[in-house]
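Remarks on the overall topology
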Amino acid sequence: MPELPEVETIKETLKRLVINKTITDVSVYWPNIVKRPDDAEQFKHRLAGQTIRDIGRKGKFLLFQLDDAVLVSHLRMEGKYSVHPSNEPVKKHTHVILAFSDGEELRYNDVRKFGTMHVFDKGEELVHKPLNQLGPDPFDAAFTAEYLYQRLKKTERSIKTVLLDQTVVAGLGNIYVDETLFKANVHPLRKASRLKKREVKAIWEAAIATLREAVEMGGTTIRSYVNSQGDMGMFQQELFVYGRESEPCKMCGKPIVKMKIGGRGTHVCVACQEMK
DNA sequence: CATAAAACCTGCAGGC
DNA sequence: TGCCTGCAGGTTTTAT
């Protein structure tokens with residue numbers, strides 16, 4: 001389930017594979033993936049003839065920078081990109097194919113079909129959904145402890161729920177929120193508005209540190225994630241709470257507890273992360 | 001307005 | 001063996 005570190009890793013591996021390749025043909029096998037333009041034929045026309053000049057990332061979105069368009073792609077839970085010779089058999093769950101002039105293809109595979117693609121004229125992508133509502137990237141200078149404090153102060157929601165809100169900060173998902181709150185010693189059910197400034201600062205530091213470390217390790221492979229070259233991430237070895245229900249806390253030895261918060265599975269060490 | 005829940009999908013684990 | 005239920009998860013849409 002790609003969150004920021006996984007998308008960042010995918011972006012970097014993909015760059016080496018498709019930069020300067022020219023799209024000659026586009027196939028769409030599951031049209032619901034394509035959200036803009038809403039017609040698959042127009043989508044194909046918009047991409048055909050374009051060369052991939054660069055690949056960027058905003059939060060969990062990949063941005064394929066083309067000559068005069070931008071393809072904005074979200075992988076949701078299980079979306080994957082990979083590059084193959086065009087004569088290689090197409091796997092099950094491959095829903096979109098960009099064929100290049102050199103005989104290779106960029107294939108989008110997504111078991112759950114939740115991923116999305118939007119094409120915009122260059123420069124338009126930031127003022128329309130889905131990118132226009134995104135909060136700062138955690139690695140952006142605009143993401144400061146003070147900014148986070150101001151945002152948290154205004155909501156009665158639990159800190160767990162707020163950190164998953166992409167309009168507050170873009171890129172954290174279920175795994176890294178649980179890890180961040182553990183590292184900051186904050187219980188996920190704490191009301192965001194009641195957190196002390198020093199607690200918010202601890203959360204801010206823990207989020208950036210956790211994400212940076214995960215990027216360095218190529219992301220976390222829990223169930224199915226691999227980068228665009230098929231490599232697994234290594235950060236799962238570093239997880240303190242996520243996926244460790246009933247296992248001993250690496251800090252205090254008490255069993256990790258799993259609970260549901262805002263409909264999401266949430267892992268917590270109730271000894272290390274005080275409710276107060 | 002704020003917040004919660006449903007919907008989108010498929011595969012897989014667990015119960016019977 | 002196999003059917004049925006529930007769960008997983010990011011985001012948007014719909015309901016409260």
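Residues numbered from 1 in each chain as written. Chains lettered and ligands numbered in written order. Predicted model: local features only at pLDDT ≥ 70, side-chain atom pairs only at ≥ 80, totals over all residues. Heavy atoms only, no water.

If you look chain A up in an unreviewed UniProt entry, it shows as Formamidopyrimidine-DNA glycosylase from Lentibacillus juripiscarius. UniProt annotates chain A under Subunit (unreviewed entry) with the comment "Monomer." What UniProt states about chain A under its Sequence similarities (unreviewed entry) heading is, verbatim, "Belongs to the FPG family." (UniProt positions renumbered as here; feature names shortened; annotations may be inferred.)

Turning next to the overall build of chain A. The helix and strand tally for chain A stands at six helices and eleven strands. Compactness check: chain A gives a C-alpha radius of gyration of 20 Å against a globular reference of 19 Å for 276 residues, within 12% of the reference. Projected onto the principal axes, the alpha-carbon positions of chain A cover approximately 60 × 35 × 30 Å. Split into buried and exposed, the 276 residues of chain A put 52% on the buried side. For chain A, contacts bridging at least 24 residues in sequence account for 63% of all contacts bridging at least 6. Summed over all atoms, the accessible surface of chain A reaches about 12,500 Å², with 50% contributed by carbon and sulfur. The averaged location of the 36 negative side-chain charges in chain A is 7 Å from the averaged location of its 43 positive side-chain charges. (Helix = DSSP H or I, 4+ residues; strand = E, 2+ residues; numbered from the N terminus. Rg over C-alpha atoms; globule rule 2.2 N^0.38 Å. Buried < 20%, exposed > 50% of the residue type's maximum accessible area, 1.4 Å probe, protein only. Contact = heavy atoms within 4.5 Å. Areas by Shrake-Rupley, 256 points an atom, 1.4 Å probe, with all protein chains shown as cover. Lys, Arg positive; Asp, Glu negative; His and termini not counted. Charge placed at Lys NZ, Arg CZ, Asp CG, Glu CD.)

Below, the discussion takes up the protein's contact with DNA strand B. The immediate surroundings of DNA strand B are formed by W30, N32, K92, H93, V111, R112, K113, F114, T155, E156 and R157. Near the protein, within 4 Å, the atoms of DNA strand B are sugar or phosphate in 59% of cases. Within the side chain of N32, one N or O atom sits 3.0 Å away from a phosphate oxygen of DNA strand B. Measuring from a phosphate oxygen of DNA strand B, one finds a side-chain N or O atom of T155 at 3.0 Å. Class assignment for the residues of the surface near DNA strand B results in three nonpolar, three polar and five charged. (Near = heavy atom within 4 Å. Polar contact = N/O pair within 3.5 Å; in protein donor to acceptor, adjacent residues only side chain to side chain. Nonpolar A, V, L, I, M, F, W, Y, C, P; charged D, E, K, R; others polar.)

Turning our attention to the domain arrangement of chain A. Interfaces are often described in size by the accessible area the parts lose on coming together. With domains assigned, chain A is organised as domain 1 (4-132) and domain 2 (145-268). Between the C-alpha centres of domain 1 and domain 2 there is a distance of 28 Å. (Domains from an automatic or database assignment.)

Taken together, 18 residues are adjacent to DNA strand C, and H74, M77, R112, Y242 and R264 come closest. Taking all atoms of DNA strand C within 4 Å of the protein, the share assigned to sugar and phosphate is 67%. K60 places a polar side-chain atom, nitrogen or oxygen, 2.9 Å from a phosphate oxygen of DNA strand C. A distance of 2.8 Å separates a base nitrogen of DNA strand C from a polar side-chain atom of R76. Counted by class, the surface near DNA strand C contains five nonpolar, five polar and eight charged residues.

Right, let's talk about the UniProt feature "domain: Formamidopyrimidine-DNA glycosylase catalytic" (unreviewed entry) in chain A for a bit. Under the present numbering, the feature "domain: Formamidopyrimidine-DNA glycosylase catalytic" (unreviewed entry) in UniProt falls on residues 2-115. Spanning residues 2-115, this segment combines 20% helix with 39% strand, and its end C-alpha atoms are found 11 Å apart.

Core analysis: the biggest nonpolar cluster contains 31 residues, and L148, L152, I159, L172 and I203 have the highest contact counts within it. Going through the elements one at a time, α3 (145-153), α4 (159-164), α5 (174-183) and α6 (197-216) are the ones with two or more residues in this core. Looking at this core, the element that brings in the most residues is α6, giving eight residues. Setting aside anything within four residues of it in sequence, one finds L172 in contact with E3, K60, L163, L164, Q166, V177, T180, A207 and L211. I33, L66, L75 and V119 belong to the second-largest nonpolar core, a separate cluster that totals 29 residues. (Core = buried A, V, L, I, M, F, W, Y, C linked by side-chain atoms within 4.5 Å.)

On to the UniProt feature "domain: FPG-type" (unreviewed entry) in chain A, then. Feature annotation in UniProt places "domain: FPG-type" (unreviewed entry) on residues 240-274, given in this structure's numbering. Counting secondary structure, residues 240-274 comes out at 0% helix and 29% strand; the distance between its end C-alpha atoms is 16 Å.

This paragraph deals with helix α2 (residues 40-47). In an α-helix, one turn spans 3.6 residues; hence positions three or four apart end up facing the same way. Buried within α2 we find A40, F43 and L47. Seen end-on, α2 carries its buried residues on one side only, within an arc spanning 55°. Tucked into the core, α2 has its buried residues touching β1 (23-28), β2 (34-36), β5 (69-74), β7 (94-100) and β9 (116-121). The opening residue of α2 is D39, an N-cap whose side-chain oxygen sits 3.2 Å from the backbone nitrogen of E41. In the stretch just after α2, G49 is the one whose phi turns positive, near 90°. (Arc of directions from axis to C-beta.)

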